[in-house]
Amino acid sequence: MQPRLIVLSALVLGAASQPLPRDEGYGGIWYYNEPSKDQYKYKYSGGFATYPQQQGPIAHYSRQANKTFFVYGGTVKGKQELLHMVSYYDHATGKVPRPVILLNKKTEDAHDNPVMTMDAEGHLWIFSNAHGAARPSFIHRSKKPYSIDEFELVLTTNFSYGHAWFLPGAGFFFPHTRYTDKGRSLFWMASRDGREWSEPQLLARMAQGHYQITCQEGPRVATSFNHHPLGKGVNWRTNLYYLETTDLGKTWKTVDGRAVQPPLTSTRTPALVHDYESEKLLVYLKTVQFDAQDRPVIMYLTSKGYASGPANDPRQWRTARWTGKEWEIRDFTRSDHNYDFGSLYIEPDGTWRVIAPTAPGPQAYCTGGEMVLWTSRDQGKTWRLVKQLTRNSPRNHTYARKPVNAHPDFYALWADGDAKQPSESHLYFTDKAGAHVWRLPPVMTEDFARPEITQ
């Protein structure tokens, strides 16, 4: 049965638009979650402009424009109030413009951060998330291709943890989460043109719900997810699952091609990659990618508990690679916090590259740390620490995010922030080789400025 289309007849498309305001520079939102009443202060916290990992992407490189467009969570000057920011890095000039303020989300919650995709004509589509059902979510489209100057509102609705993908020749595919009385449930919507969307379709609702990460290549969209066990609350997440679709969700299958019929409601499913619940380990998802043989690789972290501090060590980073016959699970490295997040890159020559805050930062055993560049040339069997990208930082670095079609000169985007108290937050990027780290200008006196080399 085909999902019924939602016809968006009440949109404000074509309405007269006002020029969007520009910020004076680049600064990120500071955010915390769940005070811990100990020396580590919070379950997680810090500079969260590029948070969280269970939604994306937040940046796209366009060859036609020779720009990397990106979105992030900014803040109202002098307080923590989330602004959805849009900007770009111009590879021809090496400069960035004053960032555009798309909207004020009227919350301090960085879960509401935006994600983006780009259609075949170069229009930017910004999906503004909401953390739960209490606040609205939005979809905006740039009025001109490759431009951040003006946007039109396409849809006001509600979704959380969105994953925005445009599939050339097919349309938009939007995996996301909806909060229900049964917990965080995984859904998807699809659209040919971004204006008429299918009704949300339920993909999975196991136990008390899920987090997911996704990736896209051609017509193929993959999702990897965990689940919250019954009776333990959302701080507990375990097991590792994988599914994919090649037809905008009309059919779903496991990694070995077995068809599954959504919604998945049992934790014992052919989609299961590994049973970590029986090992009493929590699973924190990081990145899923396809390798040079078009086989999925999942990067994630396991630990013994959700709270900050050494009691829940070891926090083990791992990769699960589909060999064509089985999931090959290998250890990668260790770090000191469950919410340390980095991106996995699998390059055409077979190199695996990771940019992540795996070195201890100034706020030890708190979210983030010092950024490190790793590579593997044997599919994750062994790893080489190529370079520690940041050193002697005053604040922890967090959430290194990979642009779609990443250009070698703008390979990862992240923010920093003091993990133990509210602080300023700057934004950074690095290149593929890790030759330098650049800071986006916190204050701009002209319309365009060159990022500063800091490392």
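All of these numbers come straight from a predicted model, not from anything done at the bench. (Residues numbered from 1 in each chain as written. Predicted model: local features only at pLDDT ≥ 70, side-chain atom pairs only at ≥ 80, totals over all residues. Heavy atoms only, no water.)

1. Digging into the overall build of the protein chain
Then, number 1: If you tally the helices and strands in the protein chain, you get zero helices and 37 strands.
Then, number 2: Taken over C-alpha atoms, the radius of gyration comes to 20 Å for the protein chain, in line with the 23 Å a tight globule of 455 residues would show.
Then, number 3: In terms of overall dimensions, the protein chain has C-alpha extents of about 55 × 55 × 45 Å along its principal axes.
Then, number 4: Relative to its 455 residues, the protein chain shows a buried fraction of 62%.
Then, number 5: A separation of at least 24 residues holds for 53% of the contacts in the protein chain among residues at least 6 apart in sequence.
Then, number 6: Carbon and sulfur atoms make up 49% of the accessible area of the protein chain, which totals about 17600 Å².
Then, number 7: The averaged location of the 45 negative side-chain charges in the protein chain is 2 Å from the averaged location of its 53 positive side-chain charges. (Helix = DSSP H or I, 4+ residues; strand = E, 2+ residues; numbered from the N terminus. Rg over C-alpha atoms; globule rule 2.2 N^0.38 Å. Buried < 20%, exposed > 50% of the residue type's maximum accessible area, 1.4 Å probe, protein only. Contact = heavy atoms within 4.5 Å. Areas by Shrake-Rupley, 256 points an atom, 1.4 Å probe, with all protein chains shown as cover. Lys, Arg positive; Asp, Glu negative; His and termini not counted. Charge placed at Lys NZ, Arg CZ, Asp CG, Glu CD.)

2. Observations concerning the environment of threonine 214
Then, number 1: Among the secondary structure elements, threonine 214 is positioned in strand β18 (residues 212–217).
Then, number 2: Judged by relative accessible area, threonine 214 falls into the buried class, the value being 11%.
Then, number 3: In this structure, the C-alpha to C-alpha distance between threonine 214 and phenylalanine 225, residues eleven residues apart in sequence, is 8.7 Å.
Then, number 4: Once residues lying within four places of it in the same chain are set aside, the contact partners of threonine 214 are His163, Trp165, Pro175, Ala222, Thr223 and Val288.
Then, number 5: Engagement of the side chain of threonine 214 in a polar contact is seen with the side chain of histidine 163, the distance being 3.0 Å.
Then, number 6: At 2.9 Å, the side chain of threonine 214 and the side chain of tryptophan 165 are in polar contact. (Polar contact = N/O pair within 3.5 Å; in protein donor to acceptor, adjacent residues only side chain to side chain.)

3. Some remarks on the pattern of salt bridges
Then, number 1: The final tally for this structure, using the stated rule, is 21 salt bridges.
Then, number 2: With a closest N to O distance of 2.6 Å, aspartate 149 and arginine 22 form a salt bridge. Of this pair, aspartate 149 sits in the loop between β11 (137–142) and β12 (151–157) while arginine 22 sits in the loop between β1 (5–7) and β2 (30–35), placing them 127 residues apart in sequence.
Then, number 3: In this structure arginine 22 comes out as partly exposed when scored by relative accessible area, which is 36%.
Then, number 4: Linking arginine 353 and glutamate 347 is a salt bridge whose minimum nitrogen-to-oxygen distance equals 2.7 Å. In this pair, the class of arginine 353 matches that of glutamate 347, namely buried.
Then, number 5: One salt-bridge network, held together by shared partners, links Lys105, Asp109, Asp112 and Arg135. (Salt bridge = Lys/Arg side-chain N within 4 Å of Asp/Glu carboxyl O.)

4. As for unusual backbone geometry
Then, number 1: Cis rather than trans, the peptide bond between tyrosine 51 and proline 52 has omega equal to -10 degrees.
Then, number 2: Among the structural elements, proline 52 can be located in the loop between β3 (42–47) and β4 (59–62).
Then, number 3: At the junction of aspartate 313 and proline 314, the peptide bond is cis and its omega measures out at 0 degrees in the coordinates.
Then, number 4: Relative to the helices and strands, proline 314 resides in the loop between β25 (296–303) and β26 (315–322).
Then, number 5: The residue tyrosine 399 is not glycine, and still its phi comes out positive at about 55 degrees.
Then, number 6: Looking at where tyrosine 399 falls in the secondary structure, it is placed in strand β32 (residues 396–401).

5. Thoughts on the sheet that holds strand β13 (residues 165–167)
Then, number 1: Read from one edge to the other, the open sheet built from four strands follows the order β13-β14-β15-β17, with strand pairing classed as antiparallel. Every interior strand has two partners, whereas the edge strands, β13 and β17 (201–204), have only one. Looking at each pair of strands side by side, their axes are set apart by 35 degrees on average, direction ignored.
Then, number 2: By the bridge criterion, nine bridges tie strand β14 (residues 171–180) to strand β15 (residues 183–191) in an arrangement that is antiparallel. (Pairing = 2+ DSSP bridges. Axes fitted to C-alpha atoms, helices over the stretch in contact; angles between N-to-C directions.)

Note that all results are geometric; they support no functional claim without further evidence.
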